[in-house]
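Observations on chain architecture
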Amino acid sequence: MTLASQGGTPARIQPLPDVNDARGRTLGEEEIAAARRVIESGTLWRVTGHEASLLEGEFAELIGSRHCVASTSGTAALHLAVAALGLEPGDEVIVPPITDFGTVIAVLACNAVPIFADVDPETGCLTAASVAARITARTRAVIVVHLFGGPADVDAIVNTCRPRGIRVIEDCAQAYLTVPPGGSGYAGTRGDIGCFSLQQSKHITAGDGGLTVTEDVDLARRMRLFADKGWPRETGERTHLSYGVNYRMTDLTAAVAREQVRKLHGVVEARRAVARALSASLGGLPGLTVVKDPAIERHSFWLYPMLLDQAVVGIDHHRFAAELTAEGIPVTAGYLVRPVHLVPALTERRIFGSHGFPLTSPPADRDVHYAAGDCPIAESMVGETLLPLPCNERFEPGDVRDLVHAVAKIHAWAATA
Ligand SMILES: *Cc1c(COP(=O)(O)O)cnc(C)c1O
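Notes on the structure follow. Everything numeric in this text was worked out from a predicted model, so none of it was measured.

**With respect to the site of the ligand**
Within the structure, the ligand sits among 14 residues, and Gly74, Thr75, Asp171, Ser197 and Lys202 are positioned closest to it. Note that an oxygen atom of the ligand is positioned 2.7 Å from one of the side-chain N or O atoms of serine 197. Side-chain polar atom of glutamine 199 to an oxygen atom of the ligand: 3.0 Å apart, as the coordinates give it. Across the complex, the protein chains shield 94% of the 380 Å² of accessible surface that the ligand would expose by itself.

In structure tokens, the structure reads:
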């Protein structure tokens, strides 16, 4: 079979359903009616409306947490989580290097120092051991990312951190209804705070938006204040009890998000069904590692992660991704261009002004610099092995068949190349 890049027929002609178009989203009449309801009410903000409060209650119940605070993005959701911890400038927060930059922005925005710990070579998530290796006297929190919807062993990380008074925040922007090992509770309810995103590319969307959950009434109150200028609305008094920003979700966004939350179980179940079909066909190809049952039932497949072993497959993940893209399946090898500890904003210390604050001492204990070699496993995953395929709740059997065909075609060609 001739590769599309060499003049052959592409495995896929029509674009797959995608998160950036209606064919790959669950937006429909329900969301239209919700938006109409809010616009007709004349109240588009949450302060005198009801939609955002209702969303918070409904999402907290669905996830299994006591409190929820809505905000304007996943990054905002993380920012108010870190802000609620009341860190001192220069305190350290441990983060993973394979994530969205929003995870790290939340730390920097609190004048705290992100400390990168390495990841598990199969999941790309932090581990209890990698976190323990980075704990210092200044460590105050860890942000655990459930990458691609695959669960980190967050209970083990909590067990490492809690005795030391270190808080655990779960970044669940890619992990709605993910079930971490060791129990049946969802990701976002196992640490102290869980953060979710409603941005366009996530499982459910309102364009942008964030949701932060916690069991702790005191953290919830601090987060609510932080997202609304430190203003205690319930007292009716125009005063400001603490520093905050305006991260208020609008009622228009919240009304759409409420409808999306109702569809969440269906979205995740559909993605698991796609993953089951992909793994049944791709799981046997030498040199490709995929998620298999029973792990599929705990994963929520924001993307469908594969790991490629170049020594077995015969080509590297960049070449494999380029060939897939030529076959009509757009794929980014490694997920990121580089792990987050190596982005220019950090390596060139472009944060506040030109002095490197808060990575400088003081306020940090030591001058912090980021460099290649800090997290070798994450660097090899991004640079050599990670090959995430698209996954979407609207994939039909024909879409899955084309995806499998494209991967199998390139895999067979690579074996003879
Ligand atoms: C998308 C994402 C974020 C940021 O969410 P936004 O809504 O885009 O601000 C943070 N962390 C992870 C792991 C993400 O995937």
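**Quick look at the packing of aromatic side chains**
Counted under the stated rule, the structure contains 10 aromatic pairs. Each ring, one from phenylalanine 59 and one from tyrosine 176, has its centre 6.1 Å from the other, and the planes form 85°; the classification is edge-to-face. A residue pair is termed long-range when its members are at least 10 positions apart, and phenylalanine 59 in helix α2 (residues 51-63) and tyrosine 176 in the loop between β5 (167-171) and β6 (193-197) qualify at 117 residues. When the ring of phenylalanine 148 is compared with that of tyrosine 335, the centres are 5.1 Å apart and the planes differ by 85°; the resulting orientation is edge-to-face. With phenylalanine 148 in the loop between β4 (139-145) and α6 (154-161) and tyrosine 335 in the loop between α11 (317-326) and α12 (344-347), this residue pair connects regions lying 187 residues apart in the sequence. Overall, phenylalanine 148 belongs to the buried group, its relative accessible area being 2%. Chaining the aromatic ring pairs together yields one cluster made of Phe59, Tyr176 and Phe196. For the cation-ring pair, lysine 202 lies above tryptophan 302, with the distance from its terminal atom to the ring centre recorded as 5.0 Å.

**Overview of the sheet that holds strand β7 (residues 210-214)**
Adjacent strands of a sheet pair through backbone hydrogen bonds, lying either parallel or antiparallel. Spatially, seven strands are ordered β1-β7-β6-β5-β4-β2-β3 in an open sheet, and the strand pairing comes out mixed. This sheet does not close on itself; its edge strands, each paired only once, are β1 (67-71) and β3 (113-116). Here the average twist between neighbouring strands, direction ignored, is 25°. When β6 meets β7, the two strands line up antiparallel, connected through five bridges.

**Side note on the pairing of β4**
Counting buried positions along β4 yields six of seven residues, so the element is predominantly enclosed. As paired strands, strand β2 (residues 92-95) and β4 are joined by three bridges and run parallel to one another. Opposite valine 93, over in β4, you have alanine 141 as the bridge partner. Pairing analysis gives five bridges linking β4 to β5, with the strands arranged parallel. Its bridge partner lying in β5, valine 142 is registered against valine 168. For the crossover that starts at β4, traverses α6 and ends in the parallel β5, the hand is right-handed.

**Let's talk about α11**
Buried residues of α11: His317, Phe320, Ala321, Glu323 and Leu324, and no others. An end-on view of α11 places all buried positions within 165° of arc, on one side of the element. Those residues of α11 that are buried lie in contact with β9 (307-308), α10 (310-313), α13 (376-385) and α14 (397-416). Of the residues that open α11, the one with a side-chain oxygen 3.2 Å from the backbone nitrogen of histidine 318 is aspartate 316. Positive phi appears at glycine 328, one or two residues downstream of α11, with a value of about 100°.

**Topic: the pattern of salt bridges**
Counted under the stated rule, the structure contains 34 salt bridges. Between glutamate 31 and lysine 263 there is a salt bridge; the shortest N-O distance is 2.9 Å. Of this pair, glutamate 31 sits in helix α1 (residues 29-41) while lysine 263 sits in the loop between α8 (251-262) and α9 (264-282), and the two are 232 residues apart along the sequence. There is no split in this pair, since glutamate 31 and lysine 263 are both buried. Of the charged contacts in the structure, one is a salt bridge between arginine 66 and glutamate 215, with a shortest N-O distance of 3.1 Å. On the criterion of sequence distance, the pair formed by arginine 66 in the loop between α2 and β1 and glutamate 215 in the loop between β7 and α7 (217-226) is long-range, its members being 149 residues apart. Beyond isolated ion pairs, a larger network of salt bridges with shared partners links Arg37, Glu51, Glu58, Arg258, Glu259 and Arg262.

**What about the nonpolar core?**
With 68 residues, the main nonpolar core has Ile98, Val142, Ile169 and Tyr335 as its most contacted residues. In contact with isoleucine 98, other than residues within four places in its own chain, are Val119, Gly124, Leu147, Tyr335, Leu336, Ala378, Met381, Val382 and Leu386. Ranked by size, the runner-up nonpolar core spans 36 residues in total, among them Val290, Val291, Val313 and Phe320.

**Describing the environment of proline 96**
Within the fold, proline 96 resides in the loop between β2 and α4 (101-108). The sequence separation of proline 96 and isoleucine 115 amounts to 19 residues, and the corresponding C-alpha distance is 8.3 Å. Each residue touching proline 96, except ones within four places of it in the same chain, is listed here: Phe116, Ala117, Val119, Leu126, Ile143 and Val145.

**Here's the deal with the side chain of glutamate 51**
Tracing the backbone shows glutamate 51 in helix α2. Residues contacting glutamate 51, with those up to four places away along its chain left out, are Arg37, Val38, Asp251, Ala254, Ala255 and Arg258.

**Observations regarding the packing of α9 against α14**
What describes two packed helices is the angle between their axes and the distance between those same axes. Orientation of α9 relative to α14, taken along the N-to-C sense of each, is 30°, at an axis distance of 10 Å. It follows from the interaxial angle that α9 and α14 lie roughly parallel. With respect to the hand of their crossing, α9 and α14 are arranged in right-handed fashion. Contact residues: Val274, Ala277, Leu278, Ser281 and Leu282 in α9; Val400, Leu403, Val404 and Val407 in α14. In terms of residue class, the contact of α9 with α14 is made up of eight nonpolar, one polar and no charged.

Thresholds applied
Residues numbered from 1 in each chain as written. Predicted model: local features only at pLDDT ≥ 70, side-chain atom pairs only at ≥ 80, totals over all residues. Heavy atoms only, no water. Near = heavy atom within 4 Å. Polar contact = N/O pair within 3.5 Å; in protein donor to acceptor, adjacent residues only side chain to side chain. Areas by Shrake-Rupley, 256 points an atom, 1.4 Å probe, with all protein chains shown as cover. Phe/Tyr/Trp six-rings, centres within 6.5 Å; stacked < 30°, edge-to-face > 60°. Helix = DSSP H or I, 4+ residues; strand = E, 2+ residues; numbered from the N terminus. Buried < 20%, exposed > 50% of the residue type's maximum accessible area, 1.4 Å probe, protein only. Lys NZ or Arg CZ within 6 Å of the ring centre and 35° of its normal. Pairing = 2+ DSSP bridges. Axes fitted to C-alpha atoms, helices over the stretch in contact; angles between N-to-C directions. Right-handed = clockwise from strand over helix to strand, strands pointing away. Arc of directions from axis to C-beta. Contact = heavy atoms within 4.5 Å. Salt bridge = Lys/Arg side-chain N within 4 Å of Asp/Glu carboxyl O. Core = buried A, V, L, I, M, F, W, Y, C linked by side-chain atoms within 4.5 Å. Parallel < 35°, antiparallel > 145°, perpendicular 65-115°, else oblique. Left-handed = near helix turned anticlockwise from the far one by under 90°. Nonpolar A, V, L, I, M, F, W, Y, C, P; charged D, E, K, R; others polar.

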